[in-house]
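# A structural walkthrough
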Amino acid sequence: MNRRTKIAAVKYIVYSLIMLFLYVLQTDPNFFYIDYIKPVLVLPFAVCIAMFESQLVGGLFGLFAGVLCDVSSTVLFGFQSILYLCICTAVGLLVVYLMQPSMINSLLAVGLGFGARLLLEYFFYYVMWGYDNSHLILLDKMLPLLIYTLVVTPFLFLAVRKMHRFFEEKMAEN
Amino acid sequence: MKEFFHSWVFKVLLALAIIMFAFMLRATVTVGASTVIEKIVGTVTAPIQSLGASMSSSVTGFLDRFFRAEEIAEENEQLREENRQLIEQMVDYENYKHENESLKEQLGIQEEHPEWETMTASVIGRDPSDQFYSFTIDKGTLDGVSYQDPVITSDGLVGIVSEVGPVFAKVTTILDVRLNVACQDVRTQDVATVSGDIALAENGQCRMSLIPRESGVAKGDIIQTAGTSGLYPQGIVIGRIQEVAFEPQGTMMYAVIEPTNDIKNIKDVMVITSFKGQGSSLSSFENASDNAQTQEENADDAE
C-alpha cells in the first residue's frame, strides 16, 4: 500500500467516524431539540461527501447514512438506505457533469433529496392510508424538519470541504 | 453520463441497491425482527448511543440547574401544593379502601394479581424524522425483550416494542396512529380503543374511539388497558379523559386522552417481558369492537 492509498484510507475512516458521531448526535434524546424537532445530520454529510468525492464514494456513504437512519427509524428497513444511495450517487454525478461543489448547490441537493424522501414517506405512510389531518404531518413536522436540516447543512459543507482540502494537500505532498 | 451507466461503478451501486431492496422485501415479511444489517449496525451503534445519551443527559442536567432555576422554584412550589392535595386524597383513599375491602369480603371476590416480569431500560435514541416520538431502548433479545412487549413507566402505558435487535429495541408510542390499544374506562367499565391521532399527537395526547353513544364516559375519567387483546395486561393506566365529543360521522363518541406519561420527554422505561394472559386470543376485544360497530350500524339504520 503506497502513501496516497494510506491517506485515502485514513480519509474514509475519518469520514466514517464523523458519520457515526453525527448519527449519535442526531438520535441523542437530549440535544439540539427546538420544539421537539431535531435535524437530520447524516444525509447532509453524505451529500457533501458526494460533492467532493467520486459518485461511488458518495453512493457508499449515502448507503451508510441510510442504513444508520433505518436502524433508528420505525419505517420499513431499506427505505432510506436505497433513497440515500440514489440521492448521493445522483449528487456525485451532477457534480461531475453539471454543477460545482458549492454551498448553494449543497443546500439545493439536500433540500431536493431530503424533501423527496419526506414526501415519499408522507405519501406511503399517511396519504395512502387515509389518516385524518395527515397534512399536519407535512406542515407541522416534515417542513420544520427539512428547514432545520437545511440550516445545519452549510456547517457540514464547510467541514467536509476543509477535510477534503486537507487530505488533498497531504496527497499532493507525496 | 452514458459511460457511467456502462461502468463497473454503476454495476456495483446497482447491485447494492438490489441487495437493499431484497432486505426491504424481507423486512415486510418478518415484521418485528431486525434484518442482519440492522442487527450488526444496531449492535455496534447501541453502546455508543447509550454512552452518548448518558453523557448528554448529565450535561443537560448540569446546565438545567442554571437555565431553569426560576422554573424549578415554581415547580417546587407547585409540587408542594400537589403534595398537600395528595395527602388529603390519601385520607379519602384510605376510607374508600376500607369500604371497598368490606364490600369485597361481603361479595367474596378473590382479587387476582397478574404476575408481571419487568425490566428497566433507558432511552438511548430518538429518530428525528419520526412524527410520533418513537424511541430506541438499550435492551434487546439478549435481555429477554420480545416483539410486542408492552412498555410502561410507573405512571402508566408508554407503548409497545415494534422491533427488536440483540441489544436494542424500537418502541412505538401510544401517540402513533398505527397503534391501537383496547382500553377501558375505570369508572364506567366501557371498553373502547385508544390510538394515536395526527392532530392530537402534537400536544402529546391520543384518542379514544368507538365509545358507544349511551356510554357514561366523562371528562376526568381514568382510562386503563382492557387486557383483552393479549398484548397488554389488564389495568395499566393510559391516561385521563380531557374531552368527550360525538364523531363527525356516525353516532359513536370519541374522547381526547391526556396520557399519564410525558411521552415526548421520557428517559427511562420498564418493559413487561411476561404477564398472565400474554398472547391470548383477541375474541373479547373483537366482540367488544363488533358490538360497538353493530350498535353504530343499528343507530345509522334507525336514523
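Check the secondary structure of chain A and you find six helices and zero strands. Start at the N end of chain A and walk to the C end: the helices and strands fall as α-α-α-α-α-α. For 174 residues, the compact-globule estimate of 2.2 N^0.38 gives 16 Å, and chain A sits close to it at 17 Å. Counting only C-alpha atoms and orienting by the principal axes, one finds that chain A spans roughly 60 × 35 × 30 Å. Expressed as a percentage of the 174 residues in chain A, the buried residues total 45%. Across chain A, the fraction of contacts at a sequence separation of at least 24, relative to all contacts at a separation of at least 6, is 65%.

The next point concerns the overall build of chain B. The number of helices and strands found in chain B is six helices and 12 strands. Residue burial in chain B is summarised as follows: out of 303 residues, 37% are buried. Put simply, 62% of the contacts in chain B that link residues at least 6 apart link residues at least 24 apart.

In this section: the interface of chain A and chain B. Contacts between the two partners involve 43 residues from chain A and, on the opposite side, 46 residues from chain B. Elements that contribute at least two residues to the side of chain A that touches chain B include exactly α1 (3-27), α3 (55-72), α4 (79-97) and α6 (135-173) of chain A. Within the side of chain A that touches chain B, the residues separate by chemical class into 24 nonpolar, 13 polar and six charged.

Our next topic: the pairing of strand β1 (residues 117-126) of chain B. Residue and element names in this part refer to chain B. Where β1 lies against strand β12 (residues 268-274), six bridges are found, and the strand directions are antiparallel. Within β12, the position partnered with Thr-120 by the bridge is Met-270. Looking at chain direction, β1 and strand β2 (residues 135-137) are connected through three bridges and run antiparallel. Opposite Val-123, over in β2, you have Ile-137 as the bridge partner.

Before going further, it helps to spend a moment on the sheet that holds strand β3 (residues 150-153) of chain B. All names here are of chain B. Spatially, the six strands close up into a barrel ordered β1-β2-β5-β4-β3-β12, and their pairing is antiparallel. Mean inter-strand twist for the sheet, computed between neighbouring axes without regard to direction, equals 45°. Pairing between β3 and strand β4 (residues 156-164): four bridges, direction antiparallel. Residue pairing in the sheet places Pro-150 in a bridge with Ile-160 of β4.

Okay, the packing of α4 of chain A against helix α2 (residues 8-29) of chain B next. The contact between α4 of chain A and α2 of chain B brings their axes to 8 Å, and the two run at 160°. Between α4 of chain A and α2 of chain B, the crossing angle belongs to the class labelled roughly antiparallel. Judged by the twist between their axes, the crossing of α4 of chain A over α2 of chain B is left-handed. Facing Phe-79, Ser-81, Ile-82, Leu-85 and Thr-89 of chain A of α4 of chain A, the residues of α2 of chain B in contact are Leu-13, Leu-16, Ala-17, Met-20, Phe-21 and Met-24 of chain B. Classifying every residue of the contact of α4 of chain A with α2 of chain B by side-chain character gives nine nonpolar, two polar and no charged.

Turning our attention to unusual backbone geometry. In this structure, Asn-133 of chain A takes a positive phi of about 55° despite not being glycine. For Asn-133 of chain A, the location among the structural elements is in the loop between α5 (103-127) and α6. Using a count of 15 C-beta atoms within 10 Å as the deciding quantity, one classes Asn-133 of chain A as partly exposed. Phi is positive for Gln-148 of chain B, which is not a glycine, with a value near 70°. Along the polypeptide, Gln-148 of chain B turns up in the loop between β2 and β3. Using a count of 17 C-beta atoms within 10 Å as the deciding quantity, one classes Gln-148 of chain B as partly exposed.

To continue, consider the confidence of the model for chain B. Residue and element names in this part refer to chain B. The pLDDT averaged across chain B works out to 81; a share of 85% of its residues lies at or above 70. Per-element confidence in chain B ranges from a low mean pLDDT of 46 for helix α6 (residues 283-302) to a high of 94 for strand β5 (residues 169-173). For residues 281-296, every residue scores under 50 in pLDDT, and the model assigns this stretch 19 contacts once sequence neighbours within four places are set aside. Across the assembled chains, the prediction reports ipTM 0.85 with pTM 0.79.

All right, on to α6 of chain A then. Between its first and last C-alpha atoms α6 of chain A spans 55 Å; for 39 residues at 1.5 Å apiece the expected length is 57 Å, and the two agree. Of all the bends in α6 of chain A, the largest measures some 35° and sits at Met-142 of chain A, one to four residues before the proline Pro-144 of chain A. If you check which residues of α6 of chain A are buried, you get Ile-137, Lys-141, Met-142, Leu-145, Leu-146, Thr-149, Thr-153, Leu-156, Phe-157 and Val-160 of chain A. In this structure, the buried side of α6 of chain A is in contact with α2 (42-52) and α5 of chain A together with α5 (198-201) of chain B.

Residues and elements named next belong to chain A. Packing of α1 against α6 brings their axes to within 9 Å, and their N-to-C directions diverge by 165°. In terms of axis orientation, α1 runs roughly antiparallel to α6. Note on packing geometry: the crossing formed by α1 with α6 is right-handed. On α6, the residues touching Arg-4, Ile-7, Lys-11 and Val-14 of α1 are Met-163, Phe-167, Lys-170 and Met-171.

What counts, and at which threshold
- Residue positions are counted from 1 within each chain, in the order its sequence is given.
- For this description, chains carry letters from A and ligands carry numbers from 1, given in the order in which they are written.
- With the structure being a predicted model, the display of local features is reserved for residues of pLDDT at least 70 and the display and counting of side-chain atom pairs for 80 or more, all residues being used for whole-chain, interface and lining totals.
- By definition, any uninterrupted DSSP run of H or I lasting at least four residues is a helix, any uninterrupted run of E lasting at least two residues is a strand, and each is numbered from the N terminus.
- Each radius of gyration is computed over the set of C-alpha atoms, and the globule rule expresses the reference value as 2.2 Å times the number of residues to the power 0.38.
- Our exposure labels follow a C-beta count within 10 Å of each residue's own C-beta, placed from the backbone: buried means 20 or more other C-beta atoms, exposed means 12 or fewer, and partly exposed covers the counts in between.
- Placing C-beta atoms from the backbone, we regard two residues as in contact once those atoms come within 7 Å.
- Any residue outside Ala, Val, Leu, Ile, Met, Phe, Trp, Tyr, Cys, Pro, Asp, Glu, Lys and Arg is labelled polar, Gly included; the first ten of those are nonpolar and the last four are charged.
- Note on pairing: two strands pair once DSSP finds at least 2 bridges between them.
- Axis definition: a line fitted to C-alpha atoms, over the contacting stretch in the case of helices. Angles run 0 to 180 degrees between N-to-C directions.
- To sort the angles, those under 35 degrees are grouped as roughly parallel, those over 145 as roughly antiparallel, those from 65 to 115 as roughly perpendicular, and the leftovers as oblique.
- Rotating anticlockwise by less than a right angle from the far helix to the near helix defines a left-handed crossing, while the corresponding clockwise rotation defines a right-handed one.
- What pLDDT reports is the predictor's confidence in each residue, on a scale of 0 through 100.
- In this scheme, a helix's expected span is set at 1.5 Å multiplied by one less than its residue total.
- Bend, in this description, refers to the angle at a residue between axes fitted to the seven residues ending there and the seven starting there.

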